[in-house]
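# Survey of secondary and tertiary structure
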Amino acid sequence: MSTPMDSAGRIETADRQACIKKLVERSQGWDLIVIGGGASGLGIALEAITRGYSVLLLERFDFAKGTSSRSTKLVHGGVRYLAQGNIRLVREASVERGYLLRNAPHLVRNQVFLVPVFSAWEKLKYITGLKLYDWIAGSLSLGSSKLVSREATIQRMPELSPAGLKGSIEYHDGQFDDSRLAISLVQTIWQRGGDSVNYMEVKNITRQQDGTWVVDVRDHETEGAYQFSGKTIINATGVFVDEILRMDNAAHLDSVRVSQGIHLVLDRRFLSSAEALMIPETSDGRVLFAVPWHDKLVLGTTDTAISNHAVEPLALEEEIRFILDNAAKYLVRPPVREDVLSVFAGLRPLAAPANGGIKTKEISRSHRIVVSPSGIFTMLGGKWTTYRRMAEDMIDAVEKHNGQPATRSVTANLPVHGSVSAAAVDFNDAFYFYGSDRNTILSRIRNSGKPFISEAFSVHEETIRWAVEQEMARTVEDFLARRTRVLFLDAREARRLAQPVAQVMAALLGREATWIGEQVAAFENLCDSYLPAVLLD
Ligand SMILES: Cc1cc2nc3c(=O)[nH]c(=O)nc-3n(C[C@H](O)[C@H](O)[C@H](O)COP(=O)(O)OP(=O)(O)OC[C@H]3O[C@@H](n4cnc5c(N)ncnc54)[C@H](O)[C@@H]3O)c2cc1C
């Protein structure tokens with residue numbers, strides 16, 4: 001295993017300039033060029049490098065800037081897919097959930113959910129369904145589902161409205177931090193000798209006479225232009241896959257249907273229990289989750305078909321109202337929009353079904369791999385939970401299609417960067433997500449003798465330094481949205497932190513005062529779009 005670290009234990013590749021210099025100096029190209037640094041692209045790059053291929057991953061913004069930082073934070077078999085009869089997907093996701101708990105125990109935990117029931121029939125229906133859910137997971141089940149009495153339910157979840165309540169069903173699933181998992185994957189790719197760089201946009205792809213591909217790339221930091229070559233191109237750009245395919249074939253027709261889902265983040269006083277709440281049937285026939293996350297509560301999600309998709313999708317007014325209205329039916333204290341600390345929207349890249357008229361909530365969340373006539377491999381659909389299996393299937397497909405000898409996947413047993421023994425992780429510790437890096441960071445904070453910039457969100461000069469030097473954070477947003485989760489947890493606090501974070505980052509990155517002003521202004525604008533009270537003004 002190759003581990004490009006310097007004598008101080010720093011990951012050398014995390015230095016973006018040095019990384020680009022290395023790419024430019026490499027004359028022989030790569031076996032695979034992966035376009036897109038979300039769950040799909042990162043999983044594929046890691047799968048490829050661990051199967052002996054050289055890999056270059058190019059991300060046009062930051063790693064996990066797209067859908068992969070905007071999920072409901074569940075590593076789940078998918079109770080909703082069970083209701084749809086998609087047993088194969090539930091089994092596949094349950095197996096992957098088990099691998100994720102084993103390989104990233106610093107980021108994934110066993111979460112207890114309660115499903116409130118209001119009649120004997122609901123009790124029977126949901127306990128039967130959830131027992132089946134346990135059975136499908138087999139030995140990988142995270143715990144047995146069981147009936148909970150009305151009294152015990154109210155005791156465990158005092159903020160759940162007791163009106164008409166007959167009890168609840170307890171079941172288990174996984175819960176995680178999505179963008180932190182993405183960063184751990186990037187670091188694992190680097191440590192294995194793979195190349196992965198952010199703020200590098202693929203502008204064009206061309207197939208050469210000899211069958212290799214050349215990609216034209218724009219560096220968004222320097223506006224520099226580069227060309228890199230690879231034997232195989234993998235398109236893992238989520239809702240943007242069709243843009244890449246049209247670079248190769250202008251007549252290409254859309255292959256993804258886009259569905260938006262939003263989440264509202266609230267203070268824990270609306271639901272203070274360690275258990276998450278799962279509402280099995282909302283007014284539009286979907287499920288709604290209220291999940292504790294970083295000591296806040298994430299409420300979501302929606303499923304709204306979208307025809308034009310943006311890099312920064314915006315929550316629609318009716319989506320915000322839908323979540324507030326449905327939550328109000330179940331909570332003692334109904335949340336109102338002024339209570340919302342942050343609202344974030346994500347876009348599902350769903351594989352377009354042959355039957356174009358189908359509703360987005362009915363489209364399968366299974367992944368599909370498509371090879372274009374010119375030989376571009378595209379990943380459609382999928383879930384964060386199954387990212388590893390999707391990647392394994394992709395590399396199998398590449399080997400088969402290219403007539404290469406089949407190699408064996410090792411990622412089911414590959415701990416990701418930061419992994420520690422599950423027993424050593426305390427999810428109540430503010431620094432838990434750093435895993436094996438936690439103690440180093442804490443001792444740097446202690447040795448610095450400097451105060452926290454934000455005690456509540458553990459933002460310190462040393463955590464900013466860590467993000468810049470070890471995690472390729474390049475902007476205020478990278479740090480406050482994806483290296484830490486402040487933007488998603490409390491957009492007002494994130495806005496307040498923009499200036500001090502920009503000042504520290506400017507010193508670390510050697511930036512001028514104008515950069516600080518631009519960063520703060522851009523980030524403040526972004527924060528406003530995460531605040532529904534502001535959205536209405
Ligand atoms: C609301 C919602 C809730 C969800 N909840 C869950 C959940 O709880 N659990 C779960 O398992 N799954 C969940 N999912 C699904 C999961 O989040 C997605 O399947 C997954 O994140 C998609 O990852 P991706 O890499 O395919 O796409 P993305 O994360 O969008 O990554 C694509 C990347 O490609 C980059 N890119 C685009 N064009 C270019 C270019 N020209 N050059 C270079 N890079 C480019 C983009 O910048 C982007 O970063 C949810 C999805 C949504 C929308």
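Everything discussed here concerns the structure shown above.
These remarks concern the structure in this document. (Residues numbered from 1 in each chain as written. Predicted model: local features only at pLDDT ≥ 70, side-chain atom pairs only at ≥ 80, totals over all residues. Heavy atoms only, no water.)

### Some thoughts on the overall build of the protein
If you tally the helices and strands in the protein, you get 17 helices and 18 strands. On C-alpha atoms alone, the protein measures out to a radius of gyration of 23 Å, which is about the 24 Å that the 2.2 N^0.38 rule sets for 537 residues. Structurally, the protein occupies a C-alpha span of about 70 × 55 × 45 Å along its principal axes. Each of the 537 residues in the protein was classed as buried or not, and the buried ones make up 60%. Looking at the protein alone, contacts between residues at least 24 apart form 71% of all its contacts between residues at least 6 apart. Working note: accessible area of the protein is about 21,000 Å², and carbon and sulfur atoms make up 52% of it. When the 62 basic and 64 acidic side-chain charges of the protein are each reduced to a single mean position, those positions are 5 Å apart. (Helix = DSSP H or I, 4+ residues; strand = E, 2+ residues; numbered from the N terminus. Rg over C-alpha atoms; globule rule 2.2 N^0.38 Å. Buried < 20%, exposed > 50% of the residue type's maximum accessible area, 1.4 Å probe, protein only. Contact = heavy atoms within 4.5 Å. Areas by Shrake-Rupley, 256 points an atom, 1.4 Å probe, with all protein chains shown as cover. Lys, Arg positive; Asp, Glu negative; His and termini not counted. Charge placed at Lys NZ, Arg CZ, Asp CG, Glu CD.)

### Let's talk about the environment of P158
Looking at the secondary structure, you find P158 in the loop between α6 (150-156) and β6 (167-176). For P158, a relative accessible area of 46% puts it in the partly exposed group.

### Section: the packing of aromatic side chains
Counting across every chain of the model gives 16 aromatic pairs. Note on F344 and F488: the rings are 4.9 Å apart at their centroids and 70° apart in plane angle, and the pair reads as edge-to-face. Of this pair, F344 sits in strand β16 (residues 342-351) while F488 is found in helix α14 (residues 486-489), placing the two residues 144 residues apart along the sequence. The pair F344 / F488 is uniform in exposure class, with both members buried. By way of ring pairs, the aromatic residues F427, F431, Y432, F433, Y434 and F452 are connected into one cluster. Over the aromatic face of F240 sits the side chain of R60, whose NZ or CZ is 4.5 Å from the ring centroid. Above the plane of the ring of W293 lies K73, whose end atom (NZ or CZ) is 4.8 Å from the centre. (Phe/Tyr/Trp six-rings, centres within 6.5 Å; stacked < 30°, edge-to-face > 60°. Lys NZ or Arg CZ within 6 Å of the ring centre and 35° of its normal.)

### Observations concerning the site of the ligand
Taken together, 37 residues sit near the ligand, with S40, E59, S68, L74 and T385 positioned nearest. Here an oxygen atom of the ligand and a backbone polar atom of T67 are 3.1 Å apart. Taking S68, its side chain carries an N or O atom lying 2.5 Å from an oxygen atom of the ligand. In isolation the ligand exposes 1,000 Å². Once the protein is present, 96% of that is buried. Looking at the shell around the ligand residue by residue, the classes come out as 12 nonpolar, 18 polar and 7 charged. (Near = heavy atom within 4 Å. Polar contact = N/O pair within 3.5 Å; in protein donor to acceptor, adjacent residues only side chain to side chain. Nonpolar A, V, L, I, M, F, W, Y, C, P; charged D, E, K, R; others polar.)

### Topic: the pattern of salt bridges
What the rule picks out here adds up to 48 salt bridges. Of the charged contacts, one joins E201 and K203 as a salt bridge, the two residues approaching to 3.9 Å between their closest N and O atoms. Exposure remark for E201: the relative accessible area of 14% places this residue in the buried category. When the shortest N-O distance is used, the salt bridge between D429 and R438 registers 2.6 Å. Through salt bridges that share partners, D62, K65, R70, E312, E477, D478, R482 and R483 make up one connected network. (Salt bridge = Lys/Arg side-chain N within 4 Å of Asp/Glu carboxyl O.)

### Focus on the pairing of strand β1 (residues 30-35)
In terms of burial, β1 is a largely internal element, 6 of the 6 residues being buried. Relative to strand β10 (residues 225-235), β1 runs parallel, the two sharing 5 bridges. For W30, the partnering residue across the bridge sits in β10 and is G230. The sheet contact formed by β1 and strand β2 (residues 55-58) spans 4 bridges and is parallel. Bridge assignment links L32 to a residue of β2, and that residue is V55. Between the parallel elements β1 and β2, the chain passes through helix α2 (residues 39-50) in a crossover that is right-handed. (Pairing = 2+ DSSP bridges. Right-handed = clockwise from strand over helix to strand, strands pointing away.)

### Quick word on helix α7 (residues 178-191)
Think of an α-helix as 3.6 residues a turn; residues three or four steps apart then line up on the same face. Over its 14 residues, α7 extends 20 Å from the first C-alpha to the last, a length consistent with the 20 Å expected when each residue adds 1.5 Å. Within α7, 14 of the 14 residues are buried, which leaves it mostly tucked inside the rest of the structure. One side-chain oxygen at the N-terminal end of α7 lies 3.4 Å from the backbone nitrogen of S179; it belongs to D177. A positive phi of about 95° marks G193, the residue just after α7. (Expected span 1.5 Å × (residues − 1).)

### Quick word on the pairing of strand β17 (residues 367-371)
Bridging between β17 and strand β18 (residues 377-381) involves 5 bridges; their strand directions are antiparallel. Bridge assignment links R368 to a residue of β18, and that residue is L380. Here β17 hands over to β18 after 5 residues, with G375 in that stretch at a positive phi of 100°.

### Digging into the side chain of H417
Relative to the helices and strands, H417 is located in the loop between α10 (387-402) and α11 (438-448). Residue H417 is classed as buried on the basis of its relative accessible area, which comes to 11%. Within the local environment of H417, its side chain forms a polar contact with the side chain of D437, the two groups lying 2.8 Å apart.

### Side note on the packing of α2 against α7
The interhelical angle for the contact between α2 and α7, taken along N-to-C directions, is 25°, at an axis separation of 10 Å. By the criterion of interaxial angle, the relationship of α2 to α7 is roughly parallel. α7 is crossed by α2, and the crossing has left-handed handedness. Contacts from L42, A45 and L46 in α2 reach A182, L185, V186, T188 and I189 in α7. Tallied by class, residues from the contact of α2 with α7 come to 7 nonpolar, 1 polar and no charged. (Axes fitted to C-alpha atoms, helices over the stretch in contact; angles between N-to-C directions. Parallel < 35°, antiparallel > 145°, perpendicular 65-115°, else oblique. Left-handed = near helix turned anticlockwise from the far one by under 90°.)

### Here we look at helix α12 (residues 461-470)
In terms of burial, α12 is a largely internal element, 7 of the 10 residues being buried. E462, T463, I464, W466, A467, V468 and Q470 are the residues of α12 that are buried. Buried-residue contacts for α12 involve α7, α11, α13 (476-483) and α15 (491-509). Positioned one or two residues after α12, M472 has a phi angle of 55°, which is positive.

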